[in-house]
Amino acid sequence: MRKLFTVGHQTNGKGPVFYGWNKGGNYLAVCGANRCLTIHDRQGKTVDQKTLSHTGPCVALEWDYTGETLAVLQQGSNQVMLWHSASRKIEALETGLKDLTLIKWNRAGPHLAVGTGKGNLLLYNKKTLKMNKIMMKHTKKITCGAWSMNGKLALSGEDKVLSISNSDGDLIDSLQLKEVPSQVQFSRMKNDGKNGAASESTVSMNLGGKTLLLVDLNNPQGEPVELAFSKDYGNVVSYKWFGDGYILIGFSAGQVVVVSTHRKEIVQEVSNFTAHSEDVADVTYCGALLKGASIGNSEVQVFNMNELSQIKIREDNKVELENEYKALQKVEWTDDGQILTVSSTNGNIHTFLTKIPVMHDAYGTRVLRLTSLRELVVRDALRGQDIAHLSVEIEPTFVSLGPDTCAVGMNNCVWYYALSASNDGDGVGRSTSRRQKPTSTASIVSQRSYVNTVQYVKLSAEYAAVMSEGMVTLHLINQQEATTEGYGGGHDERRQQRVFPERESESSRITSVAMTSRFMIFGTTTGCITYFSLEDWAILSEYRTSTGIRSVFPNANGTRLAFIDEANEGWIYSPVDDSMCPIENLQMDTDKILWDAQEWGLFVGCGSKKFTTYAYAPSTRWGAKCGPICKQTLRSQSNTVPLTTDKPHGFSPILAIQDRVVCQPSTQHQLHVVSLAARTHTTDTPTMLTSEQLQQGFFNRLGMNRLDLAWKFAKHMNKPEAWYALGDRALYLLDIEMAIRVYRTVQQPAMVLALDHLRHVNEKAMLLGHVALLFKNFNEAQNHFTKCSNPMLALEMRRDLMHWDAALALSRRLKPAVVPQISREYASQLEFRGELQAALKMYENGHVDIGAEGDVSHNRRKELENHNAQCQAGVARVMIRMGDLARGFSIAIQTETPAMAIECAQLFEELKQWTEAAQLYEKAELYDQAAQLYICKSKNLKAAANLMPLITSNKIQGLYGAAKEKEKDYPAAKKAYALAEDWDNVVRLLVSHLNDISSAYDVVRRTKSAEAAALVAKHCKKDGNPETAIEFLLLAKKTDEAFELASSNEKLHVFASILGDSGSNEDYTNLAKHYEKKKNFDLAGDYYKRCTRYDQALHRYLDAVAVLEAAQEGVQTPEALAEQEKAIDAVINKAIAVVGEAQSDKLNKTLIGFLTADGDNDTPKDPKYLFSLYMALGKYEKGCGLAIVIARREQTQGHYRVAHRLLFQTYKQLEKHDITISSDLRWNLQLLHSYLVVKPLMKALNDHDNAARMLIRVSKNIPKFPLHTVQILTSCVTECNKAAFDRSAYHYAKELVTSNDRKDIPEKHRKKIETIVRKPGYYSKAQEGKKKLTEADLTDPPEKVGPCPSCSAPLPMTMLDCPRCKSNVPYCIATGQHMLLDDWCVCPSCKFPALYSAFSQLVRQDEPCPMCEERVSLGDVRRITNPDPSIWQRAAMSIEPAGETGEATAPAASS
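The model shown is predicted, which means the values in this text are computed figures rather than measured ones.

Engineer: Before we go on, may I ask you to explain the overall build of the chain in this structure?
Structural biologist: When its secondary structure is counted, the chain shows 41 helices and 64 strands. Against the globule reference of 35 Å for 1455 residues, the chain gives a C-alpha radius of gyration of 63 Å, more extended than a compact globule. Each principal axis of the C-alpha distribution contributes one length, and for the chain these read about 185 × 110 × 80 Å. Counting only residues that meet the buried cut, the chain has 51% of its 1455 residues in that class.

Here is the structure:
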């Protein structure tokens, strides 16, 4: 509420001032003590001013019901002054009466009532100018009166009488009062009726400020109602009827009370509150605002009365008037509630703007609104900024906004303004502060007057569409600027203006019009929707509906039009294809539709109390669809109740943008934004929402068809119900890509595959059919498929679903050629359901006359023949099932189709027609089934005998054998049993009936049948053959009986040999005890070991060793001694195996003590046994050390191959258990291997150069070979001489000659070796051309160089350590040289590395592997490309740096 204007005492004079607004609130009449009558407009501007001729002050003024004539009464005057608004002239009405005290205009007629001090009454008719005087209406002064809406006049005065008269002055009724009344008013009590003003039958009056008296004119016999109040309230100062029989009352103590006149509520106050601290001067009520106002002290208080029981006083609705304390006199609202006027006894009139007319319009995201009676603001609702401000010269009744212009108007005039940015930074597109209004540079473009009153205007960039009385005038906004910038390259005169409807004979009236950038759209009472192109200046389309159009609402581009018809039904119209879809669940009171300015396809339906958000989808399973967003949850997804938002009272919707509605309240000029319920929890970052909020946000986005945003919510919810809801919605909207994403997320591969086939389906009807099929809406799918380019899809669907009736109907229409095939398939289904008669008919209908088909291909003929055969088989089956067995058998036995014969045979078998069934099985070549029926059912062995050679089933052969046995044909039965592999019966026949025992032995030994073995064993026992009986008892698993029989017949050796490894622990224990008693400790130990009694097994083995050693003392011959040693070695090894298997510390100590001779009289055993024990116990490190010791001993004794084999086996054991291999073991193995590889190098590879180098490597360590020193050095000298190693040959020949072993040099080499020493280089080519060489002249040939496998540094081939990378280089087991990356392979047996070229040559010569001594196949040897040398470092050995000759030297031997 803000001050509009003030008419001060300078104009009115000091003293009481009287005022009144005319009907419509256009003129304010004011007259004060100075007798100056002024007429003001709503802005406070003086329209007219008259000085009254009489000298008395003004005591009353009042407007007539039309608002055209003002009556003014002056004290002491006998005239009533009448001012006419049309002529702005004042005239005097001569009454002919004196002492005028009252004037009152009829509220619904032209009558003016004038009362006098003597109780006389004058009734003046303004239309007829007649006056009617009624003398002595009252006996005393008339002080108050009022007219009702139906023309009744109530008067009262100092005579305390209430009179009720009609408009002619005739008395209707009267009532004597107890006090002098005041403030007489007409209204109705709450129980008077429902017709409002037409039923005003209650007269109320203030009786002396103490009570209110209510008189019911409809019940003259009833007692009046008198309302009394608390004395604390003081006197009744003023009251006002409002609403449905309520009264607003002001009291002198400052209280304001609301009471109801309903009989049941009349004794109670509806509300009471303190409006002012001291007194209330007057109260009033505005029905347009649902507000009340009171004045008191110097305050004007306005309060909301929406909720009568909760009326509250707010300080921001209170205005303090200066210098008006205790002077306020009257408060009154205009009819529209926009202006509140207060008068005071100081001669001042204060006018406040309490309600701005709700005028607004929107274009895009901009809103034009009225902020004051003559001020407008354009605001960008998206950015929240005011972008333009303009003041107008009129008080508009409508406004309109376009892209660059706006329009304001009243009556039949419209003013057009151009909007442009200001130069001071506060214009269009610039932000403005809240306190500073944007500066407007809006300039008027044009002003136009129209024939009829303008209802509203719609604007585009250049055109205005003016709606007036069912017609639309379309014209240029600025007709003076008809330049070439407009549509079509210019504006000719024909494009200046156009009026619709254009045909005068057309009776339809335009009800609504709208404008977009390219179209003018309007609807008519006859249901015609017209699109007019502003560019082509022609009607583009006209679409007619069956119902009149009430209002149209296009989207921004005009591509879709929402409209409401006269039946209050909403529709969406597409001008592209002239299609319409209904707006589902449109609220009946919806009067406005707002398309969302940012979200395509969303709009808001605005009702009187609710906002409802609707979503439009142009392409769904059902075509275009439009419906409200409903409140759904995961549990109630089928809920169809729209999700609505309460519309605040008095809010007028202007614009919808991003799920919000921009509104203008009726009581404020500021815009308010109402967030719609559909926007709830639809944030793009749902991580902070609760579970319920996530659900609501998800379903809101789903209802808006915003599937990408719904995906985010579903991802956070991660519930199957949400995913499936999203998938269903995606299919509903035909969004195949989104549906694939959803069903892939929920791991539905079948659905994903089905949808993936639809990804590239571009034909809408086909796509709709497939989607309907996914939803199992088969009729809908068929409807769509038949409309697409491939209608056969409908037929295929029906066939797949086995909807045969529909399939037959479709096939007759689409493809008659497949009718027989479908008939056959249908018949099969009918047969399955048991509808045999119908199935027979279908099978017969399915038969195809191949001859009538004409010339068909071979494949087609085969296909038709197969089809007819299936139909024939169906006929046969149906005949059999229907009981016509003979005909069915006749058809089936003639068939050439095995499947048909089988089916009919099964049917005959079900019907127990065995012979027919067997014959049909035989026809189908199912000989097993046929023979079984012949044998078991029909007992026709003769027919079965013919089939037995063809029988493959053991069961059938057994049945035939049993049948033949019953006939006592034992040879045939035996043969059948043998074919059936029923060996038990075969043996039984051989023993019991055929007396062929030897054959029975053979059968049991071959088949191992326990039952047959028991039968044969029983026979053997009877015949006194215990050995054979023992054998067959063991085969029969009767071990105890066999042992007992063997024991009783001294045949345990037979029992043991036959038992072998198949016995139980108990069997082996019995045998062990037996042999222990017989002092055969070796065998006793074996059997104790088998039953895992390791302790006893070990002791029996040691006992066996002791027995063998004792027996060794008497042996004389070497051969016998060797045999004895071999037996002792075998028993000790058995003892070692037992201890290794037992893993018992006790047994370990026992055996170690035995081997190391802990006893005083014992002798230690060979260390090899201790080595074997360590290896068996897994003590590989100890075993390794012991293996080296044993290998050295064997090496010293000249057993080089034995030593090499021992070291190799130890190496592999350590490698297998991932134990580090010691350098001693690796070095000794390499040295021995270097010696053993010499022979293959010389003989198989013919590589004397490398053989010489290997001998040099061995000769450097000749002390390791003491038994064959001379032989090794001799070989080294001869090989070096062959390979021209003069220096090395001389060196080792000299060592031989000068040693004490010179005499041991073989005679065949002695002379040559001595010559090499006496004559250095005698056998060398270096001798040529010289007389004599010295030792210094001798040299060895340079060694070949190869790259190091680790660092690629050049390295002599026999050098096994790299000086650059300090790594041990793997060596070749075929040559002893280091490995090369490009010539790498491994032995397939031992996995040691070798040079592929050399190793493959060895294999070709049928030589075994030099390392593991296993023969390998050349096909198993593979060259390895890009080997990793680090893997093979284990093949290298720790060696010292090479000596002078480039050969490796061994490290010092460990102790």
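Engineer: Honestly, the side chain of H1204 in this entry has me stumped. Any pointers?
Structural biologist: Mapping H1204 onto the fold places it in helix α34 (residues 1200–1216). Polar side-chain contacts of H1204 include one of 3.2 Å to the side chain of H1233. With near-sequence residues (within four places) excluded, H1204 lies in contact with L1229, L1232, H1233, L1236, P1410 and M1411.

Engineer: Sorry if this is basic, but what is going on with the pattern of salt bridges here?
Structural biologist: Any two side chains of opposite charge can pair if their charged atoms end up close together. Under the counting rule described, the total for this entry stands at 40 salt bridges. Two residues, K318 and E299, come together in a salt bridge whose shortest N-O distance is 4.0 Å. With K318 in strand β29 (residues 318–320) and E299 in strand β28 (residues 299–304), this residue pair connects regions lying 19 residues apart in the sequence. Judged by its relative accessible area of 13%, E299 falls in the buried class. For R1253, the salt bridge identified is with D1249, shortest N-O distance 3.2 Å. Highlighted residues: R1253 and D1249, both in helix α37 (residues 1248–1259), separated by four residues, approximately one helical turn. Its relative accessible area of 5% is what places R1253 among the buried residues. A cluster of three or more residues bridged by salt bridges with shared partners is formed by R42, D336 and E395.

Engineer: How do you make sense of empty space enclosed by the protein when you look at a structure like this?
Structural biologist: Empty space among the atoms can be located by rolling a probe the size of a water molecule over them. This model, assessed by the stated rule, comprises three cavities of 30 Å³ or more. In this model, the largest cavity occupies a volume close to 70 Å³. Taken together, N1281, D1286, A1289, Y1290, I1316, K1319, G1321, Y1322, Y1323, S1324 and L1338 make up the full set of residues lining the largest cavity. Looking at side-chain class alone, the lining of the largest cavity contains six nonpolar, three polar and two charged residues.

Engineer: Just checking my understanding: could you explain the pairing of strand β32 (residues 349–353) for this structure?
Structural biologist: Both faces of the sheet carry side chains from a regular strand, because those side chains alternate between them. With respect to burial, β32 is a largely interior element, five of its five residues being buried. Every second residue of β32 is oriented toward a common face, with I349, T351 and L353 on one face and H350 and F352 on the other, all of them buried. Direction of pairing for strand β1 (residues 2–7) relative to β32: antiparallel, over a ladder of five bridges. Its bridge partner being in β32, K3 is matched across the sheet by F352. Between strand β31 (residues 339–344) and β32, which pair antiparallel in sequence order, lie four residues; one of them, G347, sits at a positive phi of approximately 90°.

Engineer: Any chance you could explain the layout of surface pockets here in plain terms?
Structural biologist: Taken as a whole, the second largest pocket spans an internal volume of roughly 1,400 Å³. For the second largest pocket, the lining is made up of 48 residues, of which D361, K458, F553, K592 and L594 are closest to its centre. Every element with two or more residues in the lining of the second largest pocket is listed here: β33 (360–363), β37 (398–401), β41 (456–459), β45 (510–515), β49 (549–554), β53 (592–595) and β58 (651–657). Of the residues belonging to the lining of the second largest pocket, the class tally is 26 nonpolar, 15 polar and seven charged.

Engineer: Teacher, can you tell me more about the packing of helix α21 (residues 983–992) against helix α23 (residues 1010–1022) here?
Structural biologist: Each packed pair of helices is defined by two parameters, the angle between the axes and the distance between the axes. Between α21 and α23, the shortest axis-to-axis distance is 8 Å and the interhelical angle comes to 20°. The angle between α21 and α23 places the two elements in the roughly parallel class. α21 and α23 meet at a crossing whose hand is left-handed. Of the residues in α23, those touching α21 at W983, D984, V987, R988 and V991 are E1011, A1012, L1015, V1016 and H1019. For the contact of α21 with α23, the residue count by class is six nonpolar, one polar and three charged.

Engineer: Explain the nonpolar core to me, please; I cannot follow it from the model alone.
Structural biologist: Within soluble globular proteins, side chains that are nonpolar generally end up buried alongside one another. Core analysis: the largest hydrophobic core is formed by 93 residues, its most contacted members being F698, L726 and L755. Looking at this core, the element that brings in the most residues is helix α4 (residues 720–732), giving seven residues. In contact with L726, other than residues within four places in its own chain, are F698, L702, L707, A710, W711, A714, M738 and V742. The next biggest cluster of nonpolar side chains, apart from the first, holds 80 residues, and it includes F1171, Y1211, V1386 and L1402.

Engineer: Explanation requested: the packing of helix α7 (residues 764–774) against helix α8 (residues 778–787) in the structure shown.
Structural biologist: In the contact formed by α7 and α8, the axes pass within 8 Å of each other and the chain directions differ by 160°. Classed by the angle they form, the pair α7 and α8 counts as roughly antiparallel. α8 is crossed by α7, and the crossing has left-handed handedness. For the pair α7 and α8, the contacting residues are A765, M766, L768, G769, H770, A772 and L773 in the first and F778, E780, A781, H784, F785 and K787 in the second.

Engineer: Any chance you could explain the packing of aromatic side chains here in plain terms?
Structural biologist: Think of a pair of aromatic rings as described by two things: how far the centres are apart, and how the planes are tilted against each other in angle. Per the stated rule, a full pass over the model turns up 26 aromatic pairs. Between F532 and W537 the ring centres are 5.2 Å apart and the planes differ by 75°, which places this aromatic pair in the edge-to-face class. Each member of the pair, F532 together with W537, is buried. Note on W600 and Y616: the rings are 5.9 Å apart at their centroids and 50° apart in plane angle, and the pair reads as tilted. Separated by 16 residues along the polypeptide, W600 in the loop between β53 and β54 (602–606) and Y616 in strand β55 (residues 610–620) bring together distant segments of the chain. A relative accessible area of 6% means that Y616 is categorised as buried.

Engineer: What is the right way to look at unusual backbone geometry in this model?
Structural biologist: Excluding glycine, residues mostly have negative phi values, and the peptide bonds linking residues are mostly trans. The residue after F500, namely P501, is reached through a cis peptide bond having omega -5°. Along the chain, P501 turns up in the loop between β44 (497–500) and β45. Of note, the phi angle at N411 is positive, near 55°, even though the residue is not glycine. Its location among the elements puts N411 in the loop between β38 (405–410) and β39 (413–418). By relative accessible area, N411 is classed as partly exposed at 47%. Phi is positive for N1426, close to 50°, though the residue is something other than glycine.

Engineer: I would appreciate a short explanation of the side chain of N1228 in the present structure.
Structural biologist: Structurally, N1228 can be placed in helix α35 (residues 1223–1236). Filtering out sequence-adjacent residues up to four positions away, N1228 remains in contact with I1188, R1192, Q1195 and L1207.

Engineer: Got a minute to help me understand a positive patch on the surface in this structure?
Structural biologist: A contiguous patch of positive charge on the surface is contributed by K912, K937, K939 and K966. You can see K912 is positioned in the loop between α15 (898–910) and α16 (914–923). Looking at K912, the relative accessible area reads 58%, which means it is exposed.

Engineer: What should I look at first to understand the sheet that holds strand β16 (residues 161–165) in this one?
Structural biologist: Spatial strand order, β14-β15-β16-β17: four strands in an open sheet with antiparallel pairing. Of all the strands in the sheet, the pair left with one neighbour each is β14 (142–147) and β17 (171–176). Direction aside, neighbouring strands of the sheet carry axes that sit 15° apart on average. Pairing between β16 and β17: five bridges, direction antiparallel.

Engineer: Explanation requested: the environment of H475 in the structure shown.
Structural biologist: Looking at where H475 falls in the secondary structure, it is placed in strand β43 (residues 471–476). For the pair H475 and Q496, spaced 21 residues apart in sequence, the C-alpha separation works out to 5.4 Å. When near neighbours in sequence (up to four residues on either side) are disregarded, H475 contacts Y416, R448, Y450, E462, Y463, A464, V466, Q496 and Q497. Polar side-chain contacts of H475 include one of 3.5 Å to the side chain of Y416. Within polar-contact distance, the side chain of H475 engages the side chain of Y450 at 2.7 Å.

Engineer: Is there a simple way to think about helix α20 (residues 970–979) in this case?
Structural biologist: Side chains of residues three or four places apart in an α-helix project in the same direction, reflecting 3.6 residues per turn. By the burial criterion, the buried members of α20 are Y970, A973, A976 and Y977. When α20 is viewed along its axis, its buried side chains cluster within an angular range of 120° and face the same direction. Exposed residues on α20 whose side chains face more than 90 degrees from its buried face are P971 and K975. Packing partners of the buried residues in α20 comprise α19 (954–966) and α21. A positive phi of about 60° marks E981, the residue just after α20.

What counts as what
Residues numbered from 1 in each chain as written. Predicted model: local features only at pLDDT ≥ 70, side-chain atom pairs only at ≥ 80, totals over all residues. Heavy atoms only, no water. Helix = DSSP H or I, 4+ residues; strand = E, 2+ residues; numbered from the N terminus. Rg over C-alpha atoms; globule rule 2.2 N^0.38 Å. Buried < 20%, exposed > 50% of the residue type's maximum accessible area, 1.4 Å probe, protein only. Polar contact = N/O pair within 3.5 Å; in protein donor to acceptor, adjacent residues only side chain to side chain. Contact = heavy atoms within 4.5 Å. Salt bridge = Lys/Arg side-chain N within 4 Å of Asp/Glu carboxyl O. 1 Å grid on protein atoms, 1.4 Å probe; cavity = no way out; pocket = protein on both sides within 12 Å on 5 of 7 lines; lining within 4 Å. Points joined across faces, edges and corners; volume = space filled by probe spheres on them. Nonpolar A, V, L, I, M, F, W, Y, C, P; charged D, E, K, R; others polar. Pairing = 2+ DSSP bridges. Axes fitted to C-alpha atoms, helices over the stretch in contact; angles between N-to-C directions. Parallel < 35°, antiparallel > 145°, perpendicular 65-115°, else oblique. Left-handed = near helix turned anticlockwise from the far one by under 90°. Core = buried A, V, L, I, M, F, W, Y, C linked by side-chain atoms within 4.5 Å. Phe/Tyr/Trp six-rings, centres within 6.5 Å; stacked < 30°, edge-to-face > 60°. Patch = residues over 30% accessible without salt bridge, like charges linked within 9 Å, V, L, I, M, F, W, Y side chains within 5 Å. Areas by Shrake-Rupley, 256 points an atom, 1.4 Å probe, with all protein chains shown as cover. Lys, Arg positive; Asp, Glu negative; His and termini not counted. Charge placed at Lys NZ, Arg CZ, Asp CG, Glu CD. Arc of directions from axis to C-beta.

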